[in-house]
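Descriptive structure summary
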Amino acid sequence: MNRTWNEKFWLPDGYTWARLATHQESNYNLQDYVAYSIFVGFALLFARNYFIIPLILQPLGLKLKIRSKPYQPPSNNDELEILYKVNRARPPRKKLEETAERVGLSERRVERWLRRKALSMQMTTLEKFNDCGYQAIFYSFFTLYGLYAIVSKDFFWLPEKGWERYPFFYMTSDLWWYCVIDCGFYVTQTFLLLTQDRRHDFYQMLIHHVTCVFVGVACMTIRAVPLLALGIFLHEFGDIPLCLAKMFSYAGKNTYSDIFGVTFAVLWVCSRIIAYPLWVLFPVYKATAIIGVKLWFGLFVSQFLSTVFFILNILWTFEIVQSLKRKLTTNAHMTDGRSSQEELSDSDKEQTIIDAPKFTENKLHLVRRVPVQQSTVSRGW
């Protein structure tokens, strides 16, 4: 441990790993946390792929007649493949014009090719439904377990108490598993992200998942378990209505989708804008005064990460509020402001299908149709 983790970085002055290892109230170590998190991650992956999706979510999605057939990819074109790889479905106008001239196609046909390519690369609607359903089930059970694990702890009601005995914190088994399961979940999500077809928001989600794992390891290392537990609780339970909103949107039940979307927005503001500073941010900045030591680098990293999360929450809140405002003033469906806008909208998909070439007797005929006029349409949650 001394060779891998510098005590001057992770611990306040006067404390060593050896002292923590022999203290009766320091009853856990980082190696076990990492090992069990990996084990739980693959256990969740097994349950997801062999029980939850095939036995529950897949039959439900098919019963709701959610689209399971993938979109057909366009014909192969190396130049357009390069354009898509760099700019996806919406390249800059100048780049579009240059590429169209180079391949000898009209700009409209190049745009159509890019839209069809994007559609073919996306997960099917049923796959998205299954993924959101798995997350909704996990978050629901995890939140119930979180209520059991941390509501009875004194730091839940008065977060400053979590720093009073620092760094000697006695870890109860329920709290231990609460932290391990959360880290294991993001191990699963990271593995899925790396092994499935590349998503449009691949890098954003990869950074998010890896950061969640790193924060868990960092908090366990510096013995800031109450900080970690409270942060997990405030960030995870609010995603339940978000997942349900997306599931109803995929099923075409937009009224229920909007109800859960508004519920998500309210929970988001209450948990991440109001409760998070009170339970996590302010106590971590008061930690040195409570402990009676000067600021050390490990705590500074925790303060910095906690602040970054809060700033991101504020930025995302503006996006969510704008989506809610659009819903209240128009007929548009609410959107999740944290999601990338690279994925094609429903109107884009319809236009792509309308413009798609038709094959008749092995001859290619481009069929012109007048697109159906719609009221305001946007991505669901």
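As shown above, the structure is provided for reference.
Below, the structure is looked at part by part.

What counts and how
Residues numbered from 1 in each chain as written. Predicted model: local features only at pLDDT ≥ 70, side-chain atom pairs only at ≥ 80, totals over all residues. Heavy atoms only, no water. Helix = DSSP H or I, 4+ residues; strand = E, 2+ residues; numbered from the N terminus. Buried < 20%, exposed > 50% of the residue type's maximum accessible area, 1.4 Å probe, protein only. Contact = heavy atoms within 4.5 Å. Areas by Shrake-Rupley, 256 points an atom, 1.4 Å probe, with all protein chains shown as cover. Core = buried A, V, L, I, M, F, W, Y, C linked by side-chain atoms within 4.5 Å. Salt bridge = Lys/Arg side-chain N within 4 Å of Asp/Glu carboxyl O. Axes fitted to C-alpha atoms, helices over the stretch in contact; angles between N-to-C directions. Left-handed = near helix turned anticlockwise from the far one by under 90°. Bend = angle between axes of the 7 residues up to and from the residue. Patch = residues over 30% accessible without salt bridge, like charges linked within 9 Å, V, L, I, M, F, W, Y side chains within 5 Å. Phe/Tyr/Trp six-rings, centres within 6.5 Å; stacked < 30°, edge-to-face > 60°.

This part takes up the overall build of the protein chain. Tallying secondary structure elements over the protein chain gives 16 helices and two strands in all. Counting over 381 residues, the protein chain shows a buried share of 46%. By sequence separation, contacts in the protein chain at least 24 residues apart represent 77% of the contacts at least 6 residues apart. Summed over its atoms, the accessible surface of the protein chain is roughly 20400 Å², and 60% of this surface lies on carbon and sulfur atoms.

This part is about the nonpolar core. Counting 70 residues, the largest nonpolar core has Tyr33, Ile150, Trp163, Leu175, Met220 and Val225 as the members making the most contacts within it. Broken down by element, this core gets its largest block of residues, 10 residues, from helix α7 (residues 125-150). If we ignore the near neighbours within four places in the chain, the residues touching Trp163 are Ala224, Leu227, Pro283, Val284, Ala287, Ile290, Ile291 and Leu299. Counting 10 residues, the second largest nonpolar core, distinct from the first, contains Tyr84, Ala89, Trp113 and Ala118.

This structure, assessed with the given rule, holds nine salt bridges. Between Asp131 and Arg48 there is a salt bridge whose closest N-O contact spans 3.3 Å. Note that Asp131 is positioned in helix α7 and Arg48 in helix α3 (residues 30-63), a separation of 83 residues in sequence. Note on Asp131: relative accessible area 12%, which makes it buried. The exposure class assigned to Arg48 is buried, which follows from its relative accessible area of 6%. Notably, a salt bridge pairs Lys153 with Asp174, separated by 3.2 Å at the nearest N-O pair.

One can describe the packing of helix α4 (residues 78-87) onto helix α6 (residues 107-121) by two numbers: an axis separation of 10 Å at closest approach and a directional angle of 65°. Like other packed secondary-structure pairs, α4 and α6 cross with a definite hand, here right-handed. Together, Leu80, Glu81, Leu83 and Tyr84 of α4 and Val110, Trp113, Leu114, Lys117, Ala118 and Met121 of α6 make up the contact between the two elements.

A separate point is unusual backbone geometry. With an omega of 0°, the peptide bond between Tyr166 and Pro167 qualifies as cis. Topologically, Pro167 is positioned in the loop between α8 (154-157) and α9 (173-195). Of note, the phi angle at Lys65 is positive, near 60°, even though the residue is not glycine. With respect to the helices and strands, Lys65 occurs in the loop between α3 and α4.

Its maximal kink placed at Ile53, α3 deviates by approximately 60°, while the proline Pro54 follows within four residues. By the burial criterion, the buried members of α3 are Leu30, Tyr33, Ser37, Val40, Gly41, Leu44, Leu45, Arg48, Ile52, Ile53, Leu57 and Gly61. Looking at the buried positions of α3, the neighbouring elements they touch are α7, α9, α10 (202-221), α11 (225-236) and α12 (239-250). Lys65 lies just past α3 and shows a positive phi near 60°.

Bringing the environment of Leu80 into the picture now. Here Leu80 lies in helix α4. With 34 residues separating them along the chain, Leu80 and Leu114 place their C-alpha atoms 7.5 Å apart. Non-local contacts of Leu80, meaning those with residues more than four positions away in its chain, are made with Thr99, Val103, Leu105, Val110, Trp113 and Leu114.

Let us look at a nonpolar patch on the surface. Taken together, the side chains of Phe46, Tyr50, Phe51, Leu55 and Ile56 define a hydrophobic patch exposed on the protein surface, amounting to about 560 Å² of accessible area. Along the chain, Phe46 falls in helix α3.

Our focus in this paragraph is the packing of aromatic side chains. Applying the stated criterion across every chain, the model contains 32 aromatic pairs. Where Phe9 meets Trp10, the ring centres are 4.8 Å apart and the plane angle is 75°; that geometry is what we call edge-to-face. Relative accessible area serves as the criterion here: at 9%, Trp10 is assigned to the buried category. For the ring pair Phe46 and Tyr50, a centre distance of 4.9 Å and an interplane angle of 35° mean the geometry is tilted. With Phe46 and Tyr50 both in helix α3, this residue pair falls four residues apart, about one helical turn. A network of ring pairs unites the aromatic residues Tyr134, Phe138, Tyr139, Phe142, Tyr145, Tyr148, Tyr178, Phe185 and Tyr186 as a single cluster.

Residue position: Tyr36 is located in helix α3. The exposure class of Tyr36 is partly exposed, given its relative accessible area of 37%. A C-alpha to C-alpha distance of 8.5 Å links Tyr36 and Ile181, two positions 145 residues apart in sequence. Here Tyr36 is in contact with Trp176, Trp177 and Val180, once residues within four sequence places are set aside.

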